[in-house]
Amino acid sequence: QVQAEKVKQKAHDKRQGLEEVKQWRKRGDRQPGAPLQDDDGFERMLESNKRKRDAGKSGPPTKGRKRRHKDEKFGFGGRKRGMKMNDKKSAADMSDFNAKANKTPFRGGSGGSGGRAKKGGAAKRPGKAARQRGRR
């Protein structure tokens, strides 16, 4: 019911504002298409409409009960993104740096292995030709 009343009041205010604009346009002593000479009356009318609209509101906006509860529980907003980015201090911090951590000793071998040791010491599967020779 309260919401319906608000909607009616809003519609009434809008109609009234449009009527005031119409009256102002009719009252104007100017040639059609000519620029506005004195829009002071228009400004006054807009101000009065604004005052009517803002009359119900007083002071700064207050938070709702749900918002207040969430603020108590989780704290206020704060930064959401970029939390894992380095800043000047963390980038300059060398306390955890270990030069040997990612280096493996070089092991010789054929190219393409990237310095990694070959896997498996067991007998490898023979190639296709060797297998076919064994079938005969």
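Structural data are supplied above this passage.
This write-up is about the structure you can find in this document. (Residues numbered from 1 in each chain as written. Predicted model: local features only at pLDDT ≥ 70, side-chain atom pairs only at ≥ 80, totals over all residues. Heavy atoms only, no water.)

**Side note on the overall build of the protein chain**
- The helix and strand tally for the protein chain stands at five helices and zero strands.
- If you list the helices and strands of the protein chain from N to C, you get α-α-α-α-α.
- Counting only residues that meet the buried cut, the protein chain has 5% of its 136 residues in that class.
- Counting only carbon and sulfur atoms, one obtains 52% of the accessible surface of the protein chain, whose full area is about 14,200 Å². (Helix = DSSP H or I, 4+ residues; strand = E, 2+ residues; numbered from the N terminus. Buried < 20%, exposed > 50% of the residue type's maximum accessible area, 1.4 Å probe, protein only. Areas by Shrake-Rupley, 256 points an atom, 1.4 Å probe, with all protein chains shown as cover.)

**What to know about the side chain of Asp-71**
- Looking at the secondary structure, you find Asp-71 in helix 3 (residues 65-74).
- Using a relative accessible area of 11% as the deciding quantity, one classes Asp-71 as buried.
- The contacts of Asp-71, once residues within four sequence positions are left out, are Lys-63 and Phe-76. (Contact = heavy atoms within 4.5 Å.)

**Digging into the pattern of salt bridges**
- Inspection of the entire model under this criterion finds two salt bridges.
- Where Asp-71 meets Arg-67, a salt bridge forms, and the shortest distance between an N and an O atom there is 3.4 Å. Of this pair, Asp-71 and Arg-67 are both found in helix 3, four residues apart, which corresponds to roughly one turn of the helix.
- Taken together, the shared-partner salt bridges in this structure form one network comprising Lys-63, Arg-67 and Asp-71. (Salt bridge = Lys/Arg side-chain N within 4 Å of Asp/Glu carboxyl O.)

Note that every value here comes from positions in space, so none of it alone points to a role or purpose.
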